[in-house]
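Each chain, letter by letter, is given below.
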Amino acid sequence: MKLRFGRVESYIHEKLEKEKLHFVLLDPDDVSPEEASKIAQMCEEVGVDAVMVGGSTGAEGEVLDEVVKAIKESSSLPVILFPGSHGGITKYADAIFFMSLLNSRNPFFITGAQALGAFTVKRYRIEPIPMAYLIIEPGETVGWVGDAKPIPRHKPKIAAAYALAGQYLGMRLVYLEAGSGAPEHVPNDMIRAVKSVIDVPLIVGGGIRTYEDAREVAQSGADIIVTGTAIEKAGSLEEARKRLESLIKGIKG
Ligand SMILES: CC(C)=CCC/C(C)=C/CC/C(C)=C/CC/C(C)=C/COP(=O)(O)OP(=O)(O)O
Ligand SMILES: O=P(O)(O)OC[C@@H](O)CO
Ligand SMILES: [Mg+2]
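Looking at an unreviewed UniProt entry, one finds the protein named Geranylgeranylglyceryl phosphate synthase and attributed to Thermococcus barophilus. A UniProt comment under Subcellular location (unreviewed entry) is attached to the protein, and it reads "Cytoplasm". The record in UniProt for the protein states the following under Cofactor (unreviewed entry): "Mg(2+)".

J.: What is the right way to look at the overall build of the protein in this model?
T.: Helix and strand content of the protein: 10 helices and eight strands. Taken over the C-alpha trace, the protein has a radius of gyration of 16 Å; the compact-globule value for 253 residues is 18 Å, and the two agree within 12%. In the protein, buried positions account for 52% of the 253 residues. Within the protein, contacts between residues separated by at least 24 positions form 74% of all contacts whose residues are at least 6 apart in sequence.

J.: Hey, could you run me through the site of ligand 2 in this one?
T.: Residues in close proximity to ligand 2 total 13 residues, the closest being Glu-177, Ser-180, Gly-181, Gly-228 and Thr-229. Contact distances for ligand 2 include 2.7 Å between an oxygen atom and a backbone N or O atom of Gly-181. For ligand 2, whose free accessible area comes to 310 Å², the fraction covered by protein is 97%. Judged by the fraction of its atoms near the pocket grid, ligand 2 is located in the largest pocket. Residue classes in the shell around ligand 2 are distributed as three nonpolar, nine polar and one charged.

J.: How should I be thinking about the pairing of strand S1 (residues 21-26) in this particular structure?
T.: Remember that side chains alternate between the two faces of the sheet whenever the strand is regular. Counting buried positions along S1 yields six of six residues, so the element is predominantly enclosed. Of the two faces of S1, both are covered, the one formed by Leu-21, Phe-23 and Leu-25 as well as the one formed by His-22, Val-24 and Leu-26. Judged from the four bridges that link them, S1 and strand S8 (residues 224-227) form a sheet pairing that is parallel. From the neighbouring strand, Leu-21 faces S8, where its bridge partner is Ile-224. Two strands pair when backbone bridges link them, and S1 and strand S2 (residues 50-53) are joined in this way by four bridges, in the parallel orientation. Residue Leu-25 lies in a different strand from S2, and its bridge partner there is Met-52. Regarding topology, helix H2 (residues 33-46) serves as the crossover connection from S1 to the parallel S2, and that connection is right-handed.

J.: Looking at this structure, I do not really get the site of ligand 1. What am I missing?
T.: What surrounds ligand 1 is a group of 22 residues, the closest being Asp-27, Gly-55, Ser-56, Thr-57 and Phe-109. Measuring from an oxygen atom of ligand 1, one finds a side-chain N or O atom of Thr-57 at 2.9 Å. Note that an oxygen atom of ligand 1 is positioned 3.2 Å from one of the side-chain N or O atoms of Ser-180. For ligand 1, the accessible surface in isolation is 740 Å², of which the surrounding protein chains cover 95%. Here ligand 1 is seated within the largest pocket. Looking at the shell around ligand 1, its residues break down into 11 nonpolar, nine polar and two charged.

J.: Can you walk me through unusual backbone geometry in this structure?
T.: It is generally the case that most residues other than glycine have a negative phi and that most peptide bonds are trans. A cis amide bond, omega 5 degrees, links Glu-137 with the succeeding residue Pro-138. As for its placement among the helices and strands, Pro-138 is situated in the loop between strand S5 (127-135) and helix H5 (140-145). Phi is positive for Arg-125, which is not a glycine, with a value near 55 degrees. Within the chain, Asp-147 stands out as a residue other than glycine whose phi angle is a positive 50 degrees. Locating Asp-147 in the fold gives a position in the loop between H5 and helix H6 (156-168).

J.: Is there a simple way to think about the layout of surface pockets in this case?
T.: A probe as big as a water molecule, rolled over the atoms, marks out the empty space that is left. By volume, the largest pocket amounts to about 770 Å³. Looking at the largest pocket, it is lined by 46 residues, and the ones nearest its centre are Gly-55, Ser-56, Phe-82, Tyr-133 and Val-142. Secondary-structure elements contributing two or more residues to the lining of the largest pocket are strand S4 (95-101), helix H4 (107-124), H5, strand S6 (173-177), S8 and helix H9 (229-232). With six residues, the top contributor of residues to the lining of the largest pocket is S4. Residues that form the lining of the largest pocket fall into these classes: 19 nonpolar, 20 polar and seven charged.

J.: Please explain the packing of H2 against helix H10 (residues 237-252) as it appears in this structure.
T.: As a packed pair, H2 and H10 sit with axes 10 Å apart at the nearest point and diverge in direction by 35 degrees. As H2 runs across H10, the sense of the crossing is right-handed. Along the contact surface, H2 presents Lys-38, Ile-39, Met-42, Cys-43, Glu-45 and Val-46, while H10 presents Leu-237, Ala-240, Arg-241, Leu-244, Glu-245 and Ile-248. For the contact of H2 with H10, the per-class residue count stands at eight nonpolar, no polar and four charged.

Reading the values: rules and limits
Residues numbered from 1 in each chain as written. Chains lettered and ligands numbered in written order. Predicted model: local features only at pLDDT ≥ 70, side-chain atom pairs only at ≥ 80, totals over all residues. Heavy atoms only, no water. UniProt positions renumbered as here; feature names shortened; annotations may be inferred. Helix = DSSP H or I, 4+ residues; strand = E, 2+ residues; numbered from the N terminus. Rg over C-alpha atoms; globule rule 2.2 N^0.38 Å. Buried < 20%, exposed > 50% of the residue type's maximum accessible area, 1.4 Å probe, protein only. Contact = heavy atoms within 4.5 Å. Near = heavy atom within 4 Å. Polar contact = N/O pair within 3.5 Å; in protein donor to acceptor, adjacent residues only side chain to side chain. Areas by Shrake-Rupley, 256 points an atom, 1.4 Å probe, with all protein chains shown as cover. 1 Å grid on protein atoms, 1.4 Å probe; cavity = no way out; pocket = protein on both sides within 12 Å on 5 of 7 lines; lining within 4 Å. Sits in = over half its atoms within 2 Å of the grid points. Nonpolar A, V, L, I, M, F, W, Y, C, P; charged D, E, K, R; others polar. Pairing = 2+ DSSP bridges. Right-handed = clockwise from strand over helix to strand, strands pointing away. Points joined across faces, edges and corners; volume = space filled by probe spheres on them. Axes fitted to C-alpha atoms, helices over the stretch in contact; angles between N-to-C directions. Left-handed = near helix turned anticlockwise from the far one by under 90°.

What follows is the structure, given as structure tokens:
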């Protein structure tokens, strides 16, 4: 057996040599294929590095297929699935964050959904990228749905221990998640603590809305910053573009 990075993972690592990255999350439950198409095109124009597609609830089947197809038609950005379960897979995507919610209380989210989705990923030849997914307080919808025991905000060491365990289990990315729409993003000292012990790239998302948020999170050590709500709820494409430009300035400097 030869272990090799796939195309999307190689793209991520090559880009990370030069700068920090910004991924935008689109939830097929909240955006139509037409909206997704326009947003993705704009994302490419302003310098977003990849589009993630997923949601905790309802991001499956035809709505998922159509949103991913629309994004692929309007932009050349990689589309990475961010599934809430084995239902969140579509053959139109380039890659999938093949994630395990390490601090879930429910084995379904640690290994069960992964087993149920594995053959689908293989059949569709989607690139799986193994990832440790950790829910930090408050956790919001994904914390509840994923039956997580959210890591307390003032316990950075617990997050660091889980992240390092994820790396030692072979996961090639660590994602710290405060929950979509969280009032505050993952604390800076927790990001620093995690970054100081792992060697794999660190993704941070949840509650990042402004230039200042993005800058703090990036400067604390996040390699990839994810935003969803700020773009989905911008109200207009022009406002979304403005927000993205300032988030990207905060991330890439
Ligand atoms: C690898 C495979 C096949 C499955 C993994 C399944 C796992 C571990 C899921 C983790 C738990 C979970 C529910 C994750 C959802 C991640 C996600 C897309 C979050 C963002 O969605 P939100 O915006 O919070 O969702 P809503 O908009 O639906 O509230
Ligand atoms: O919607 P926001 O708060 O930007 O969160 C994005 C992502 O981390 C959710 O999984
Ligand atoms: Mg959502």
